[in-house]
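Next come the chains, spelled out residue by residue.
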Amino acid sequence: MRTLIAGNWKMNGGRAILAELDRIAAAAAAAPAVDVAIAPPFTLLAEAAARAGGVVIGGQDCHSAPKGAHTGCISAGMLVEMGARFVICGHSERRAEFGESDALVRSKAHAALGAGLTAIVCIGEDEAERDEGRALMVVAAELEGSVPPNANAANLVISYEPAWAIGTGRTPTLAEIGEMHLIIRAKLLQLIGEEGARVRILYGGSVNGTNIAAILTCPEVNGALIGGASLTADQFLPIVQAAANVSQ
Ligand code: PEP
C-alpha cells in the first residue's frame, strides 16, 4: 500500500496560498514513493487542480444529492468538474459544528463514490469518550455507520482522527494509535470483505514533521491527514519527506 499524506486546508487561504501548493507540488514530484493530496477551500479548487502537478486535489465536503435546492452546498459532481479526485466526508468539525450523523456521512460518501471520487471518511472519538474508555467502541460504530455499500479499496480511505487531538498539539500514544488502527482494519474486513485489507487507514490529529515518522511505524497506519501543518510548505514538506524516507 502506498503511503498517503493528505492536507486539509479547511477555511484557510485566499489565492495567495496557492504559492504554497506550487512548492508542495515541486517537492512531491521528488518523493514519488508517497501519494500527496491537498483539500483546499472550494473557491480554490479549480485553480489548485490546474497547477497541482502530481498532488491530488480534493474537496472538504459534498452534499449527498447530485443537484437541487440546497443553498450553499456543493455536489460531488461539481467537485469532479472542478478537478477534484477525492472528498473528505464526516470530518469531526462537520460532525460537531453541523451535526453530521453517521447516516449523513455515509450518504455523502455514497454520492462521492457514485461520482467517481475517492471518499476520505473520518471517524474518531471525542475526549469524554476516550476518558470513559469507550473510544474503541465509538470508533467501530462510526465506521460501521459511515462506510457506504459501494466502497472498495480503490475508492475508500479511512482517517482515524480523535477529535481531542485535532489542532491541540496532543496526540494519542503510539500504542493507542496502533490499537485503534488494528480495530479499524478488522472492522473493514467485516464490512467490505477482503477489499478491506487494502483500504488505506490514515491517522490525523496534530501530526507534524517531528512525530510523523514514529506514527507511520504503528500497525495499520498507511498515512496521515494533516490540518494546521499542511498550510505552509515549510511545515508540510518535512512530513512528506519523512513519510518518503519511511516508505523507502
Ligand atoms: C484535521 O483537522 O483533520 C487535523 C488533523 O488537524 P491538525 O493536523 O491541525 O490537528
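Report follows, based on the coordinates. (Residues numbered from 1 in each chain as written. Predicted model: local features only at pLDDT ≥ 70, side-chain atom pairs only at ≥ 80, totals over all residues. Heavy atoms only, no water.)

### Looking at the site of the ligand
Link 1 in the chain: Looking at the ligand, there are 14 residues lining it, with Lys10, His91, Gly167, Ser206 and Gly227 nearest.
Link 2 in the chain: For the ligand, an oxygen atom lies 2.7 Å from a polar atom in the backbone of Gly167.
Link 3 in the chain: Here an oxygen atom of the ligand and a backbone polar atom of Gly227 are 2.8 Å apart.
Link 4 in the chain: Taking 290 Å² as the accessible area of the ligand by itself, protein coverage stands at 95%.
Link 5 in the chain: Of the residues in the shell around the ligand, the class split is four nonpolar, seven polar and three charged. (Near = heavy atom within 4 Å. Polar contact = N/O pair within 3.5 Å; in protein donor to acceptor, adjacent residues only side chain to side chain. Areas by Shrake-Rupley, 256 points an atom, 1.4 Å probe, with all protein chains shown as cover. Nonpolar A, V, L, I, M, F, W, Y, C, P; charged D, E, K, R; others polar.)

### As for helix H8 (residues 174-192)
Link 1 in the chain: Compared with an ideal rise of 1.5 Å per residue, which puts 19 residues at 27 Å, H8 spans 27 Å between its outermost C-alpha atoms and is within 8% of the ideal.
Link 2 in the chain: Of the residues one or two after H8, Gly193 is the one with positive phi, at around 70°. (Helix = DSSP H or I, 4+ residues; strand = E, 2+ residues; numbered from the N terminus. Expected span 1.5 Å × (residues − 1).)

### Let's talk about the pairing of strand S6 (residues 156-160)
Link 1 in the chain: Within S6, five of the five residues are buried, which leaves it mostly tucked inside the rest of the structure.
Link 2 in the chain: With burial as the criterion, each face of S6 is covered, one bearing Leu156, Ile158 and Tyr160 and the other bearing Val157 and Ser159. (Buried < 20%, exposed > 50% of the residue type's maximum accessible area, 1.4 Å probe, protein only.)

### Quick notes on helix H1 (residues 18-28)
Link 1 in the chain: For H1, the full list of buried residues reads Leu18, Leu21, Ile24, Ala25 and Ala28. Angularly, the buried residues of H1 cover 105° about the axis, an arc narrow enough to put them on a single face.
Link 2 in the chain: In the core, the buried residues of H1 are packed alongside strand S2 (34-39), helix H2 (45-51), strand S3 (56-59) and helix H10 (233-247). (Arc of directions from axis to C-beta. Contact = heavy atoms within 4.5 Å.)

### Looking at the nonpolar core
Link 1 in the chain: In this structure, Ile5, Leu21, Val55, Ile158 and Ile184 are the most contacted members of the largest nonpolar core, which totals 68 residues.
Link 2 in the chain: Among the elements that make up this core, the one with the highest residue count is H10 (eight residues).
Link 3 in the chain: What Ile5 contacts, discounting residues up to four positions off in sequence, is Val34, Asp35, Val36, Ala37, Ile212, Ala224, Ile226, Phe236, Ile239, Val240 and Ala243. (Core = buried A, V, L, I, M, F, W, Y, C linked by side-chain atoms within 4.5 Å.)

### A look at the pattern of salt bridges
Link 1 in the chain: Under the defined criterion, the tally for this structure stands at 19 salt bridges.
Link 2 in the chain: Its salt-bridge partner being Glu100, residue Arg94 comes within 2.7 Å of it at the nearest N-O pair.
Link 3 in the chain: Exposure remark for Arg94: the relative accessible area of 22% places this residue in the partly exposed category.
Link 4 in the chain: Judged by relative accessible area, Glu100 falls into the buried class, the value being 6%. (Salt bridge = Lys/Arg side-chain N within 4 Å of Asp/Glu carboxyl O.)

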